[in-house]
Amino acid sequence: MATIYEFLRTQRGKAYNDKQIESHSWLVLSPYIEKQPNEIAGQSRVWGDISAGNQALVIDLIIEICTRHKLAYREIAFVLLMVRVESGFNPDAAAGTTSAAGLAQYTKATVTEARKPHLSKHFLGFELDLTGKNVFDAERGAYGALLSYLLCKQRAAKYFPEAIEENIYLFHHEGWYLNPTGKDADANIVAVRKIIKADILGRLDEAEKLLQQKTKVQFTLNTADNKPYVNQPFTVVLPVHKGGQQPAAVQHLHAVKVVTGVTDGQGRTPTFEVAGLSEVVFSILNVNYKKLLHLFPGRGTGQITSYKVGKGDSLSSIAKSHKTTVDALAKANRIKDVNQLSLGQVLRIPSSSGGSTPAYWWRRPEMDWLASVIASHIGAEGLEDTSAVIEHKRSHVALPTGNKAHDSAVPHNNIMIAGGKNEAQLASAKRSQKTPHVTNEAQSAKAVFVEGKSKTEKKVIEGLLYPLAIKATADYHADARRFGSNRASGRKHAGIDLYAPSGTVVRAMSAGKVLRVYPFYCETYAIEIDHGNFVARYGEVDKHKSNIFVKAGDQVQRGEQIGLVGHLVGIKVPSNMLHLEMYASTGDSPLTVKDNPPYQRRKDLIDPTPSIDVASME
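Every value quoted in this text rests on a predicted model; they were computed, and no experiment measured them. (Residues numbered from 1 in each chain as written. Predicted model: local features only at pLDDT ≥ 70, side-chain atom pairs only at ≥ 80, totals over all residues. Heavy atoms only, no water.)

**Description of the packing of aromatic side chains**
Test applied: In summary, the pairing rule links any two rings of Phe, Tyr or Trp, Trp by its six-membered ring, whose centres are within 6.5 Å, and it sorts them by plane angle into stacked for under 30 degrees, edge-to-face for over 60 and tilted for everything else. Per the convention used, a helix needs a DSSP run of H or I reaching at least four residues, while a strand needs a run of E reaching at least two, with both numbered from the N terminus. Categorising residues by exposure relies on relative accessible area from a 1.4 Å probe, with only protein chains included: less than 20% of the type maximum marks a residue as buried, more than 50% marks it as exposed, and the intermediate range marks it as partly exposed.
One pass over the full model with this rule turns up 10 aromatic pairs. Geometrically, the ring pair formed by F78 and Y149 is tilted, given 5.6 Å between the ring centres and 50° between the ring planes. In this pair, F78 is assigned in helix α4 (residues 73–87) and Y149 in helix α7 (residues 138–159), connecting sequence segments 71 residues apart. Judged by its relative accessible area of 1%, F78 is buried. Taking the centre distance of 5.7 Å and the plane angle of 80° together, the rings of Y106 and W176 count as edge-to-face. With Y106 in the loop between α4 and α5 (108–114) and W176 in the loop between α8 (168–174) and α9 (187–212), this pair connects stretches of sequence that are 70 residues apart. Taking relative accessible area as the criterion, Y106 reaches 3% and is therefore assigned buried.

**Let's talk about the confidence of the model for the chain**
Segments scoring low in pLDDT should not have their predicted coordinates read at a detailed level. Going by this rule: The pLDDT value expresses, per residue, how confident the predictor is, ranging between 0 and 100. Residues count as neighbours in contact if any of their non-hydrogen atoms are within 4.5 Å of one another.
Put simply, the chain has an average pLDDT of 86, and 88% of its residues get 70 or more. Ranking the helices and strands of the chain by mean pLDDT puts α4 first, with 98, and strand β10 (residues 448–454) last, with 40. Counting interchain partners and residues more than four positions distant, the pLDDT-below-50 stretch residues 431–457 has 50 contacts.

**With respect to unusual backbone geometry**
Of all residues except glycine, most have a negative phi; of all peptide bonds, most are trans. P598 follows P597 through a cis peptide bond whose omega is 0°. Mapped onto the elements, P598 comes out in the loop between β20 (576–583) and β21 (605–606). Unlike most non-glycine residues, L277 shows phi in positive territory, near 65°. Position of L277 relative to the elements: it lies in the loop between β4 (272–274) and β5 (279–285). One non-glycine residue, C522, lies in positive phi territory at about 50°. Mapped onto the secondary structure, C522 falls in the loop between β14 (512–519) and β15 (525–530).

**Section: the environment of V217**
Take V217: it is sitting in strand β1 (residues 215–222). Between the C-alpha atoms of V217 and P400, which are 183 residues apart in sequence, the distance is 9.8 Å.

**Focus on α4**
Residues lying three or four places apart along an α-helix face the same way, a consequence of the helix completing one turn every 3.6 residues. Selection criterion: Under the convention used throughout, the expected extent of a helix is 1.5 Å for every residue step, that is, one less than its residue count.
Helix length check: α4 (15 residues) gives 21 Å between terminal C-alpha atoms against 21 Å at 1.5 Å per residue, within 8%. With 14 of 15 residues buried, α4 is to be regarded as a mostly interior element. G88 lies just past α4 and shows a positive phi near 60°.

**Digging into the sheet that holds β1**
Quick reminder of the rule: Note on pairing: DSSP must find at least two bridges between two strands before they are called paired. Axes here mean lines fitted to C-alpha atoms, for a helix over just the part in contact, with angles spanning 0 to 180 degrees between N-to-C directions.
Strand order in the open sheet formed by 3 strands is β4-β1-β9, and the pairing between neighbours is mixed. Edge positions in the open sheet fall to β4 and β9 (413–418), since each of these has one partner strand only. Each neighbouring strand pair of the sheet contributes to a mean axis angle of 30°, computed without reference to strand direction. Judged from the 3 bridges that link them, β1 and β4 form a sheet pairing that is antiparallel.

**A few points about the pattern of salt bridges**
Applied cut-off: Salt bridges are counted wherever a side-chain nitrogen of Lys or Arg sits within 4 Å of a carboxyl oxygen of Asp or Glu.
Evaluated as defined, the whole model comprises 24 salt bridges. Here K153 makes a salt bridge to E75, at a shortest N to O gap of 2.5 Å. Of this pair, K153 sits in helix α7 while E75 sits in helix α4, placing them 78 residues apart in sequence. Between D554 and K551 there is a salt bridge; the shortest N-O distance is 3.3 Å. Judged by relative accessible area, which is 54%, K551 ranks as exposed.

The following block contains the structure:
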């Protein structure tokens, strides 16, 4: 049996001759294709003039966009056939006699209409901009085809309630606002009906059947320099549902199949068989996830999530709203007096995760849902600890049999995922992770100063332990989290923010002495430690005494737990993080100096970023 790609394959159509081309045609306005190497392009502006590989990529785009908008197999087949009729899957196609262009052959008038809120924003959830040369962008064109299908289906239902499918394309070809009443004999409408019968309805059953065929999916994990990640833990969430009129989804469902494992010597997972266009959610776990799970407080208390105590809250009201008990809350949070709660206190709550089915298959599914379905399969006990060990998550549409867009060396979908490190960096990280947590300073990694290149990166301290039990869940090199980012009143950020779930263990980066422990920012605390050749401020740790494990004067060892990540209270964006500052010299003089711009910190402040970049997880 042919694949959907073979079934839909087109050949180059007939080009317009010079006498046919009008001045408002894109063949005059933009006769040549101007695209970047990574953009999908045709070979000319002629219908169907596109390579087989690029045509397959266009088909994949349309399939994924339509599937994520939860169209049925037959509806997706219809959109594909509509685009085939309009442009032969050439995103650069243009008509000679009109302003029509792109995959769905939008005219200047339909481009203008598409941007109106009651159209693209209503049907797609965003404003679709096809103005100018945007009309030739393949992804925008695919969204344009979907928008037109949804709108024309609505119009067909109004005028032809007993024959909707037979009339959808009529409104696309003749105009979204066509009133067809009494026009059955019009020459244009008669001609369009012939196209519908032969090129859409005549091929629709077969296209639908090909989309429904079972397919196979495999994932390959590679380094940044295209070498395999071997023995990397992963999870795959697959649908239980097989067949039916609708592609099978998994997001927000709990009746799913979860497969766990590690990649092989080629960085590959096993192959998974699913119904065509099924949703598959793939996750990569921290390589040491089993060890990390045991570092989370509250282990043994069941599923956990977080709740910030607000005004008027009581343990009983919180328990009632989360369908749990006061005793369960008290146990999960080690609360001795159930009548005492602090405003802003973050509670761990036994939770029965759920949620309504989303209207769209998000490429990055909600973490709480994903954590709730894979927790028991990886030995986790709750939402927080599961979330903390997931390093990558992505929803994928299982493209039809015959797809080779990802890896032409295999006869099925092989989805390539590239990591951020090259092979040498990965090997180095693995070596450093094998360094034992020892208390003998002579055997542990030494902290060494290395001169940097700029005033804000004067020194790099090598051999440190990463201060969290897990990698930060957001990039500390970017946005407000980075060192030197702008703050209110012209001040600059004096540290880096390592985002992590509330309750994540904070560890001493090397041996040292605790200088002080004190209230810090938005109802969190800070711990200052003199590490012998630098001072670190571990800020925004949990303020509760039971969650701060050291006091001033204590000697700490490398890797010793000093506290838990806290939760900022009173800011617009809820945040859980470790705020880390580092200073090049020792001594217990105040770190905050109000009259020392732009950081308002001690003069020996250094950027922690390069030191944390090379820190070891073990």
